[in-house]
Amino acid sequence: MIPLNVNGKTYQVDVEPEVPLLWVIREQLKLTGTKFGCGEGLCGACTVHVDGEPIRSCITPVGDVRGKKIVTIEGIPVRHPVKQAWLAEEVSQCGYCQPGQVMSAVALLKKHPKPTDGDIDSAMSGNICRCGTYPRIRIAIHRAAGAKKKG
Amino acid sequence: MSEIIKLSRRDFLKTGAVLGGGLVLGCYLPFGNSAGAADPATTFAPNAFIRVGSDDTVTLIINKSEMGQGVYTSLPMLIAEELACDWKMIRIEAAPVDPVYNHTVFGLQVTGGSTSVRTEWERLSKAGATAREMLVAAAAKQWKVDPATCRAENGFVLHSGGKKLSYGQLADRTAKLPVPKEVRLKDPARYTIVGKPRHRLDSPAKIDGTAVFGIDAQLPGLLTAMVARPPVFGGKVASFTADKAKKVPGVVDVVQVPSGVAVIATGFWPAKKGRELLEIVWDDGPEGGLATPALRERYASLAQSPGLVARKEGEPAQAVRQAAKQLTAEFETPFLAHAPMEPLNCCVDLKSDRCNIWTGTQFQTVDRNSAAEVAGLKPEQVHLHTTFLGGGFGRRANPASDFVREAVHVAKAAGKPVKVIWTRDDDMKGGYYRPFWYDRISAGLDDTGNLTAWQHTIVGQSIIAGTPFEAAMVKNGIDESSVEGAAEIPYAIPNLQVDLHTTKLLVPVLWWRSVGHSHTAFVVESFIDEAAHAAGKDPFAFRRALLAKHPRNRGVLELAAAKADWGKPLPAGHSRGIAVHESFGSFIAQVAEVSVDKKGTIKVHRVVCAIDCGRIVNPDTIRAQMESGIVFGLSAALHGAITFKNGRVEQDNFDGYPVVRMNESPTIEVHIMPSTEPPGGVGEPGVPPIAPAVANGVFAATGVRLRTLPFNTKTLQDGMGKG
Ligand code: FES
Ligand code: FES
């Protein structure tokens, strides 16, 4: 049994410690907002937060995050400035990469409340979007940063 | 698929691709937030697309797959414009498979060819208007007044005397009225929804984790399967041992299916681990020696002589020979994987008399019928539930139904509900690529720099050959999709020939976002640029002069040039390239502002895009699709290539098959030309112009002409060294 703390809830999961966190979140906890895109840490679709840091859950063994604070896309409130900016800028297309994009953006803004374009490039280039929503993601992050400042 | 739209529906029926019927039931709600809502007690459903509930909800049943292009918003806008319903009360359901939802031109249920808005505009407008007229008639009858004194607005019918009833209140009574045969449509000048930007209905579900994609399908007791497929196309399993695989905890069974060996397990991880431990001896078949360099040589030698003629004007061969100046060039574009962000998957629950399938597909009728064939059921016993698609780009519209057929085979063997998941490696090595193309063009200029002759030979595989669509779409040996964008070159050239060598390989090929245009625009728009330079003329002015008879091409060319400040100074080291191309009924010009560093790395700073797509529904979707197409096309221009060695694909994930990321994404500006022309497509046409626009910009910056995709940094570095 592995104890997990996800979105403020505690779970005991019966899996091998080597199983990637992604599949435990999706299959055992049925939180399917976190996506599988490459399985090798190359696309960012599986991004979640572990103790506030964005990580690739597809290459993170569940045994490594025992008892740590995990947050998935379902744990970010709809009112969060990043989600609001995503809606306002109409970022999503197919939407498949977007949970990962949002998780990376939320983490970026925690570190850099007023990110430069360079900060955005380095924080967001690990997240692939095949629909090419990058220009809107960039604008939405700047918007969320502005909204944060005002709020 | 752009050319299909020109065919009559009868052509399609003749192909035999249309089979069987179905029932309107088992609708699938792709939105998490509405799936839990109970259906209202009474509903009024005047047609297959609209249900008005007594609780004032308006459920729109959408027959096109939502894969990012915005059809779950643009098609509802068309209905809502006529229906005059309350936008906030709209719910969306994915249509089940039924002939009433067939494509109005193709005659089967499919999303493709950038045709959704173009072909549904009239039908959905009428569907909305019919419902509105009936609601008005019901209210007028109830009030005993002349319907002409009533009007519909925002989910209510209002009487000039001040009476008011909501659509929900009228649903029951309206349901009993006859459906009118003729309805009057709104004058487009009075549109209040269509043509104005509107937020996507699916956006909230896509950032809260509730949007259901195929990979998210859940069923009690669902198993997960992964299939080991032959490493060479056309290969098969010679023998295999599964002893080690079966020992992996969680592996339930290992079975052979026509496409390979399936490991069935309790979840993704045991399935993957089990598959890694399979011991399979493969029979590679005839393509075991396939190698990209040899293929290139074979294609290049074919390109030296003309193939089957797709178009001929004047005497091109003679005109080239007699020209004052001649130029010839050869171009190469690689196999490409679609690499949608969501790898392929398909979930199947097969019972003796019924089969339920959940998957993200663009090709419902074909997939449903294929599944029925494999399951040994009648088509109407198969219920295909279309989920959201995590990208399609053509990969999820496969005449061979590869991922659906296979999943039904696995479900048959499993005897339990099972979801087949493809890993990224599987998806990338799994074929159905954009074909590898080789092109050779010769042109002639007279002594004042006029383009007098053009001879274009294309070499590559046919996408359509061997599919049920061959009879309708391959004419006199020419697959129209192989030459589209080249045969109808708009420039005024008196002597012109476009011809085609169709090659045969076991590498499966498929339409890849913008299909034939994905290579022809690169070739034509690069070579016309070469001709301009050879003539000593400005590439914009040269094109413009040759487009006198094509005002829409010329219009967007001028608009893009003006917005990009064509001809005006740029920061040091930056230069511009331009391209214009028509596809899927839309006209698009792009100007790319680029720079190249000493190592030959290309940076695209800014892209200005002008589009004339006729009458528009949602301008914001058009902008988004242009941005999307540009980034997608840029990935192919800068990075994308599937190559072969010993018959095996050499790429397996986003490291070997890189795509554009945030740090390479340019600033994009989109300008929409106001137009009253019939609507054009927007999902695909943003792709074709970007590669040539960038190549032409690189030439302007460096004097090096890039004729191979993806652009080779080494070629560029060497060329710059020489210059
Ligand atoms: S799925 Fe984890 S990085 Fe791609
Ligand atoms: S929105 Fe489709 S992959 Fe990003």
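Remember, predicted model here, so these are calculated numbers, not experimental data. (Residues numbered from 1 in each chain as written. Chains lettered and ligands numbered in written order. Predicted model: local features only at pLDDT ≥ 70, side-chain atom pairs only at ≥ 80, totals over all residues. Heavy atoms only, no water.)

**Student:** Is there a simple way to think about the overall build of chain B in this case?
**Tutor:** Across its full length, chain B holds 21 helices and 29 strands. In terms of overall dimensions, chain B is globule-like: its C-alpha atoms have a radius of gyration of 27 Å, near the 27 Å expected for 723 residues. Judged by the C-alpha coordinates and their principal axes, chain B covers about 80 × 75 × 50 Å. In chain B, the proportion of contacts linking residues at least 24 apart, taken out of those at least 6 apart, comes to 76%. As displayed, chain B has an accessible area near 25,700 Å², and 52% of this comes from carbon and sulfur atoms. Of the side-chain charges in chain B, 80 are positive and 74 negative, and the distance between the mean point of each set is 2 Å. (Helix = DSSP H or I, 4+ residues; strand = E, 2+ residues; numbered from the N terminus. Rg over C-alpha atoms; globule rule 2.2 N^0.38 Å. Contact = heavy atoms within 4.5 Å. Areas by Shrake-Rupley, 256 points an atom, 1.4 Å probe, with all protein chains shown as cover. Lys, Arg positive; Asp, Glu negative; His and termini not counted. Charge placed at Lys NZ, Arg CZ, Asp CG, Glu CD.)

**Student:** In this structure, what is going on with the overall build of chain A? I would like to understand it.
**Tutor:** When helices and strands are tallied, chain A shows five helices and five strands. For chain A, the N- to C-terminal ordering of α and β elements is β-β-α-β-β-β-α-α-α-α. Computed over C-alpha atoms, the radius of gyration of chain A comes to 15 Å, within 12% of the 15 Å expected from 2.2 N^0.38 for 151 residues, which places it in the range of a compact globule. By principal-axis analysis of the C-alpha atoms, chain A measures approximately 45 × 30 × 25 Å. Total accessible area on chain A stands at roughly 5,600 Å², and carbon and sulfur atoms take up 53% of it. Across chain A, 20 positive and 14 negative side-chain charges occur, with their mean positions spaced 9 Å apart.

**Student:** Any chance you could explain the interface of chain B and chain A here in plain terms?
**Tutor:** Think of interface size as the accessible area that goes away when the parts come together; that is how it is often given. On the side of chain A, 47 residues touch chain B, which itself brings 58 residues to the contact. Contact between chain B and chain A buries roughly 4,400 Å² in total, counting both sides, with carbon and sulfur atoms accounting for 58%. Three residues stand out in chain B for area buried against chain A, namely B:Ile207, B:Met341 and B:Met662, and they jointly supply 21% of the buried area on that side. Summed over the shared surface of chain B and chain A, the number is five salt bridges. Between B:Asp216 and A:Arg26 there is a salt bridge, and its shortest N-O distance comes to 3.0 Å. In this assembly, chain B and chain A are joined by 30 residue pairs in polar contact (both at pLDDT 80 or more). Secondary-structure elements contributing two or more residues to the side of chain B that touches chain A are helix H6 (203-207), helix H8 (268-276), helix H13 (424-429) and helix H19 (619-638) of chain B. For the side of chain B that touches chain A, the element with the most residues is H19(B), which contributes nine residues. Each residue belonging to the side of chain B that touches chain A can be placed in one class, and the counts come to 26 nonpolar, 17 polar and 15 charged. (Buried area = accessible area lost by both parts, 1.4 Å probe. Salt bridge = Lys/Arg side-chain N within 4 Å of Asp/Glu carboxyl O. Polar contact = N/O pair within 3.5 Å; in protein donor to acceptor, adjacent residues only side chain to side chain. Nonpolar A, V, L, I, M, F, W, Y, C, P; charged D, E, K, R; others polar.)

**Student:** In this structure, what is going on with the environment of A:Gly52? I would like to understand it.
**Tutor:** Residue and element names in this part refer to chain A. Its place among the elements puts Gly52 in the loop between strand S3 (47-50) and strand S4 (53-56). The spatial distance from the C-alpha of Gly52 to the C-alpha of Lys69 is 7.7 Å, given a sequence separation of 17 residues. Every residue in contact with Gly52, bar those within four places of it in the chain, is listed here: Ala107 and Lys110.

**Student:** Just checking my understanding: could you explain the pairing of strand S3 (residues 58-62) of chain B for this structure?
**Tutor:** Every other side chain in a regular strand lies on the same face of the sheet, so the side chains alternate between the two faces. Residue and element names in this part refer to chain B. Counting buried positions along S3 yields five of five residues, so the element is predominantly enclosed. Judged from the three bridges that link them, strand S2 (residues 50-53) and S3 form a sheet pairing that is antiparallel. Its bridge partner being in S3, Ile50 is matched across the sheet by Leu60. In this antiparallel pair of consecutive strands, S2 and S3, the connection spans four residues, and Asp56 shows a positive phi of 75°. Bridge analysis of S3 against strand S4 (residues 90-94) gives five bridges, and the strand direction is parallel. Residue pairing for S4: Ile61 is matched across the bridge by Glu93. This β-α-β element, S3 to helix H3 (residues 71-83) to S4, shows right-handed connectivity. (Buried < 20%, exposed > 50% of the residue type's maximum accessible area, 1.4 Å probe, protein only. Pairing = 2+ DSSP bridges. Right-handed = clockwise from strand over helix to strand, strands pointing away.)

**Student:** What exactly am I supposed to notice about the confidence of the model for chain B here?
**Tutor:** Interpreting fine coordinate detail is not advised for predicted regions of low pLDDT. Residues and elements named next belong to chain B. Per-chain confidence: chain B averages 93 in pLDDT, with 94% of residues scoring 70 or above. Here residues 1-37 is a poorly scored stretch, pLDDT under 50, and it has 97 contacts once near neighbours within four places are set aside; other chains count. This prediction of the complex comes with two scores: 0.94 for pTM and 0.97 for ipTM. (pLDDT = per-residue confidence, 0-100.)

**Student:** What should I look at first to understand the sheet that holds strand S23 (residues 495-503) of chain B in this one?
**Tutor:** Strand pairing in a sheet takes place through backbone hydrogen bonds and is either antiparallel or parallel in direction. All names here are of chain B. In space, the five strands of this open sheet follow the order S13-S23-S20-S19-S14, with mixed pairing throughout. Unpaired on one side and paired on the other, strand S13 (308-313) and strand S14 (325-333) mark the two borders of the sheet. Each neighbouring strand pair of the sheet contributes to a mean axis angle of 10°, computed without reference to strand direction. (Axes fitted to C-alpha atoms, helices over the stretch in contact; angles between N-to-C directions.)

**Student:** Just to check I follow, could you spell out the packing of aromatic side chains for this structure?
**Tutor:** Aromatic ring pairs are described here by two measures, namely the spacing of the ring centres and the angle between the planes. Residue and element names in this part refer to chain B. Using the criterion set out here, one finds 22 aromatic pairs over all chains in the structure. With a centroid separation of 6.0 Å and 45° between ring planes, the pair formed by Phe363 and Phe469 is classed as tilted. With a gap of 106 residues between them, Phe363 in the loop between strand S16 (355-359) and helix H11 (364-375) and Phe469 in the loop between strand S20 (451-461) and helix H14 (470-473) connect regions that are remote in the sequence. Both rings, one in Phe522 and one in Phe711, keep their centres 6.3 Å apart while their planes meet at 55°; by these two values the pair is tilted. Here Phe522, found in helix H16 (residues 517-534), pairs with Phe711, found in the loop between helix H20 (690-702) and helix H21 (713-722); they are 189 residues apart in sequence, far enough to count as distant. Each member of the pair, Phe522 together with Phe711, is buried. These aromatic residues form a ring-pair network of at least three members: Phe233, Tyr299, Phe335, Tyr433, Phe436 and Phe644. The side chain of Lys164 reaches across the aromatic face of Phe156, ending 4.5 Å from its centre. (Phe/Tyr/Trp six-rings, centres within 6.5 Å; stacked < 30°, edge-to-face > 60°. Lys NZ or Arg CZ within 6 Å of the ring centre and 35° of its normal.)

**Student:** Can you walk me through the domain arrangement of chain A in this structure?
**Tutor:** All names here are of chain A. Segmenting chain A into domains produces domain 1 (2-75) and domain 2 (81-144). Once you take the C-alpha centre of each, domain 1 and domain 2 turn out to be 20 Å apart. Listed as interface residues are 17 residues of domain 1 and, on the opposing side, 14 residues of domain 2. When the two sides are added together, the surface that domain 1 and domain 2 hide from each other amounts to roughly 1,200 Å², 58% of it contributed by carbon and sulfur. In this assembly, domain 1 and domain 2 are joined by one salt bridge. In this structure, Glu53 and Lys111 form a salt bridge, with 3.7 Å as the shortest nitrogen-oxygen distance. Seen at the junction of domain 1 and domain 2, the total is six residue pairs in polar contact (both at pLDDT 80 or more). If you list the elements that add at least two residues to the side of domain 1 that touches domain 2, you get S3 and S4. When the residues that make up the side of domain 1 that touches domain 2 are grouped by side-chain class, the tally is eight nonpolar, six polar and three charged. (Domains from an automatic or database assignment.)

**Student:** Sorry if this is basic, but what is going on with the side chain of B:Thr386 here?
**Tutor:** Residues and elements named next belong to chain B. Inspection of the secondary structure puts Thr386 in strand S17 (residues 382-386). Owing to a relative accessible area of 3%, Thr386 belongs among the buried residues under this scheme. Within the local environment of Thr386, its side chain forms a polar contact with the side chain of Gln364, the two groups lying 3.0 Å apart.

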